[in-house]
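Residue-level structural notes
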Amino acid sequence: MLKKLLTPTPLRSVPVGDDESHRVNAKHKGKPKITPVEGVSTLHEYANHAFKNYGHCLAMGQREYLGPLPSNTKIQQFGKDVSYRTYDQVKEESLKFGASLRSAGLVPSPTKGSLDQLTTPCTLAIFENTCPEWMIGAFGAFSQSISITTVYATLGIDAVIDSINDGRIRAILCNKKSVSILLGKIKSMPTLKYVVYTNNMVGPDEVVEIPGAPSGVKVMSFEEFVDAGDIKAFPAVPPTPETTAVIMYTSGSTGE
């Protein structure tokens, strides 16, 4: 048995195309593939490709969050049942979200010039952990050629203030638990006029107070913001390959 285990076996490779010795499709030899699908050159087009081909299929699944375990608050509880969105549902929500961004005064991002020269409200900030609303918000922004600025949810309010002011950002998507913190610092972010929150990781019995917003600032739930989107008034404005998709802030890229 030991001898059998030590006996070398030939390396195995799966043939690709007509070339049995190479793992790269033969038609791309010397000419690397630069897009995931033929005819797709932006993230918006890639999303539309999925919507078109898998509309009725399940796209996003989510278990109900039940809150922390009473005996150990570091352990989170989730229900057994999974609720799903189909690709068609994701498409509808994202288009409405994008239309609502335009109604809120955001405009398509310029395709030329330095990011340091941005003077228009063309960016949505996302200050939230990974969740369906994060991705739908991003797809919605892309559908209107609006860039997104991502701020890691673990970075804290100072990083949010830096990114909002740096990008002259008008709207932010965040967690419900972050709303009161943002409003408490709203005077430090004069361009921020819309706060859209998710209920991600908010327990069914958990009470999260939303303080009154100052004049000129609107606070809306993700669902309210999506429902307000008028696709007929603001049809999609597809980005080009030159449009900036994401400006990402990490722990090493914020601060003065």
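See the structure shown above.
Residues numbered from 1 in each chain as written. Predicted model: local features only at pLDDT ≥ 70, side-chain atom pairs only at ≥ 80, totals over all residues. Heavy atoms only, no water.

1. Side note on the overall build of the protein chain
Across its full length, the protein chain carries seven helices and eight strands. The buried share of the protein chain, taken over its 256 residues, is 37%. The contacts of the protein chain with a sequence gap of at least 6 include a subset with a gap of at least 24, amounting to 67%. Split by element, the accessible area of the protein chain, about 15500 Å² in all, is 53% carbon and sulfur. (Helix = DSSP H or I, 4+ residues; strand = E, 2+ residues; numbered from the N terminus. Buried < 20%, exposed > 50% of the residue type's maximum accessible area, 1.4 Å probe, protein only. Contact = heavy atoms within 4.5 Å. Areas by Shrake-Rupley, 256 points an atom, 1.4 Å probe, with all protein chains shown as cover.)

2. So, the packing of aromatic side chains
Going through the model one piece at a time under the given rule, you end up with five aromatic pairs. Judged by centre distance (6.1 Å) and plane angle (80 degrees), the ring pair of phenylalanine 51 and phenylalanine 139 falls under edge-to-face. Taken as a pair, phenylalanine 51 in helix H2 (residues 43–54) and phenylalanine 139 in helix H4 (residues 132–143) lie far apart in primary sequence, 88 residues in all. Judged by centre distance (5.8 Å) and plane angle (45 degrees), the ring pair of tyrosine 54 and tyrosine 87 falls under tilted. Here the residue tyrosine 54 occupies a position in helix H2, and tyrosine 87 occupies one in helix H3 (residues 87–103), the gap between them amounting to 33 residues. The class for tyrosine 54 is partly exposed, based on a relative accessible area of 40%. (Phe/Tyr/Trp six-rings, centres within 6.5 Å; stacked < 30°, edge-to-face > 60°.)

3. Some words on the pairing of strand E6 (residues 194–198)
With five of five residues buried, E6 is to be regarded as a mostly interior element. Where burial is concerned, the two faces of E6 agree: the one with Tyr194, Val196 and Thr198 and the one with Val195 and Tyr197 are both buried. Both strand E5 (residues 171–175) and E6 contribute to a ladder of five bridges, which runs parallel. Paired with alanine 171 across the bridge in E6 is tyrosine 194. Following the chain from E5 across helix H6 (residues 179–184) to the adjacent parallel E6, one finds a crossover that is right-handed. In this structure, E6 lies alongside strand E7 (residues 218–221), joined through four bridges in parallel fashion. Bridge pairing in E7 links tyrosine 194 to lysine 218. (Pairing = 2+ DSSP bridges. Right-handed = clockwise from strand over helix to strand, strands pointing away.)

4. Description of the layout of surface pockets
Roughly 290 Å³ of internal volume is contained in the largest pocket. Taken together, Gln62, Arg63, Glu64, Tyr65, Phe78, Glu133, Asn199, Asn200, Met201, Val202, Pro204 and Glu223 form the lining of the largest pocket. The greatest single-element share of the lining of the largest pocket, amounting to four residues, is contributed by strand E1 (residues 58–69). Of the residues in the lining of the largest pocket, the class split is five nonpolar, three polar and four charged. (1 Å grid on protein atoms, 1.4 Å probe; cavity = no way out; pocket = protein on both sides within 12 Å on 5 of 7 lines; lining within 4 Å. Points joined across faces, edges and corners; volume = space filled by probe spheres on them. Nonpolar A, V, L, I, M, F, W, Y, C, P; charged D, E, K, R; others polar.)

5. Some points on the environment of proline 235
Position of proline 235 relative to the elements: it lies in the loop between helix H7 (222–227) and strand E8 (246–249). Using a relative accessible area of 46% as the deciding quantity, one classes proline 235 as partly exposed.

6. Comments concerning H2
An ideal rise of 1.5 Å per residue puts 16 Å on 12 residues; H2 measures up with 16 Å between its terminal C-alpha atoms. Of the residues making up H2, those classed as buried are His44, Ala47, Ala50 and Phe51. Looking straight down H2, one finds that the buried residues subtend no more than 125 degrees of arc, so they occupy a single side. Each element contacted by the buried residues of H2 is listed here: H3 and H4. (Expected span 1.5 Å × (residues − 1). Arc of directions from axis to C-beta.)

7. Quick look at the sheet that holds strand E3 (residues 123–127)
Taken together, the six strands give an open sheet; going across it, the order is E7-E6-E5-E3-E4-E8, and neighbouring strands pair in parallel fashion. The open sheet terminates on both sides in strands that have one partner only, identified here as E7 and E8. Going from strand to strand, the sheet's axes swing by 20 degrees on average, the running direction of each strand aside. As defined by bridge partners, strand E4 (residues 147–151) adjoins E8 across four bridges and the pair is classed as parallel. Directly across from isoleucine 148, in E8, lies its bridge partner valine 246. Contacting E3, E4, E5, E6 and E8, H4 crosses the sheet at an angle of about 150 degrees to E4. Along the sheet face, helix H5 (residues 157–167) touches E3, E4, E5 and E8 and points at about 160 degrees away from the line of E4. (Axes fitted to C-alpha atoms, helices over the stretch in contact; angles between N-to-C directions.)

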